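Per-entry structural report
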Amino acid sequence: MTVSSAPGKVYLFGEHAVVYGEPAVPCAIERRATVAVEPRDDDHVRVEAEDLTLDGFTVEYSGDANDRPDVDVPTPLVDAAMGYIDAAVEQARDALGAPDAGFDVVVESDIPLGAGLGSSAAVVVAAIDAATRSLGRELDPREIAERAYRAEYEVQDGQASRADTFCSAMGGAVRVEGDDCRTLDAPNLPLVVGFDGGAGDTGALVAGVRALKERYDFAARTVGSIGDVVRAGERLLADADPTEEPDEVLLSELGRLMDFNHGLLEALGVSSRSLDNMVWAARMADAHGAKLTGAGGGGCIVALDPTEETETALRFTPGCEDAFRAELADEGVRAEDDRAARRREDEGES
Ligand code: PMV
């Protein structure tokens, strides 16, 4: 099998506002989705999903996604996961010029679904890379990012920015403003993630912000203010030495901007009680700053803290299911064939 992986991400700044052309700065983290692909002799697609924080499932279908046998898991979850894989397979077929190519696809992920860590983008990016490589075509990470964006755009009815997919394909910290996507030389930030075990409905949350923005000028200005926070944040990052550990001054200034960004997202109605609880737990533990990450409504927060305090405080916070340090993932999409082969060899030996 041809195996690829791609990282999830946190938003240091700028979710939601990025949908309206403001800049955003997401950072890839070392939680990855891994997709293994084997070409088939027919035009069927068979998908096996494991560890998607939902019960594993297997679906085989031919042609389009409507032609699907019954499966034993709730339909919205299958539809959500399958929609992304369908769209990724379509992009791979298009890149290969092989509209009838069939694939066996196995998805594994340690990124919680719909929790603001970019799980769908990571799956789509890794799937496009593995499917194209399985038929002998190696795509440039920028082309994978572009195709993954088109796949997400289609599944999310046009409510997607390029932030998640570009960050997952390229790795590291990136800056996205409309179609302009760049990698950043950022220092290794001490990120801590808290997860409430839940998920937000990205489409509904984006639609809610859009409605507020259309109704009230002050909501539109709030979106613009998020853009101002991002611009201030990126100036701080640009002035920092990426080879040095970030100092206290930089961390406290970035943290203050994260706090501000969270307040503006809260005002736009996309936070939740459990997200606010975790943000406050992090602040009370002397994190430099904390904010929700991603669409909101439930899912994850990200805090800045080089000490163990925030992680420990989050573990004792009611409503927080998991807390972990999130290392910046320097590598975006990558081939895992050698690693997978080595693992099989090790398993064979033991
Ligand atoms: O929750 P996530 O990781 O899918 O992030 C959504 C981020 C939004 O800005 C709300 C939407 C987008 O596509 O940028």
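Preceding this section is the structure that the text describes.
Computed from a predicted model, the values in this text were never measured in an experiment. (Residues numbered from 1 in each chain as written. Predicted model: local features only at pLDDT ≥ 70, side-chain atom pairs only at ≥ 80, totals over all residues. Heavy atoms only, no water.)

Pairing geometry for strand S1 (residues 2-13) and strand S2 (residues 25-40), over 11 bridges, is antiparallel. Pairing of Thr2 across the sheet is with Val37, part of S2. Looking at chain direction, S2 and strand S5 (residues 102-109) are connected through eight bridges and run antiparallel. Residue Val35 lies in a different strand from S5, and its bridge partner there is Val107. (Pairing = 2+ DSSP bridges. Helix = DSSP H or I, 4+ residues; strand = E, 2+ residues; numbered from the N terminus.)

Our next topic: the site of the ligand. Taken together, 16 residues sit near the ligand, with Lys9, His16, Ala160, Ser161 and Ala295 positioned nearest. Within the contact set of the ligand, an oxygen atom lies 3.4 Å away from a side-chain nitrogen or oxygen of Tyr11. Between the ligand and Ser161 there is a distance of 2.6 Å, counted from an oxygen atom to a side-chain nitrogen or oxygen. Summarising the interface, the protein chains cover 93% of the accessible area of the ligand, which totals 380 Å² for the free molecule. (Near = heavy atom within 4 Å. Polar contact = N/O pair within 3.5 Å; in protein donor to acceptor, adjacent residues only side chain to side chain. Areas by Shrake-Rupley, 256 points an atom, 1.4 Å probe, with all protein chains shown as cover.)

Next up on the list: the pattern of salt bridges. Across all of its chains, the model carries 23 salt bridges by this definition. Residues Arg175 and Glu177 are paired through a salt bridge, measuring 2.8 Å at the closest nitrogen-oxygen approach. Taking relative accessible area as the criterion, Arg175 reaches 12% and is therefore assigned buried. Residue Glu177 is classed as partly exposed on the basis of its relative accessible area of 28%. Several salt bridges converge on common partners, so that one network encompasses Glu146, Arg150, Arg162 and Asp179. (Salt bridge = Lys/Arg side-chain N within 4 Å of Asp/Glu carboxyl O. Buried < 20%, exposed > 50% of the residue type's maximum accessible area, 1.4 Å probe, protein only.)

What follows covers the environment of Tyr84. Counting through the fold element by element, Tyr84 comes out in helix H1 (residues 75-96). A sequence separation of 43 residues divides Tyr84 from Ala127, and the C-alpha atoms of the two residues are 9.4 Å apart. Apart from the residues lying within four places of it in its own chain, the contact partners of Tyr84 are Ser120, Val124, Glu152, Val155 and Gln156. A distance of 2.9 Å separates a polar atom in the side chain of Tyr84 from a polar atom in the side chain of Gln156. (Contact = heavy atoms within 4.5 Å.)

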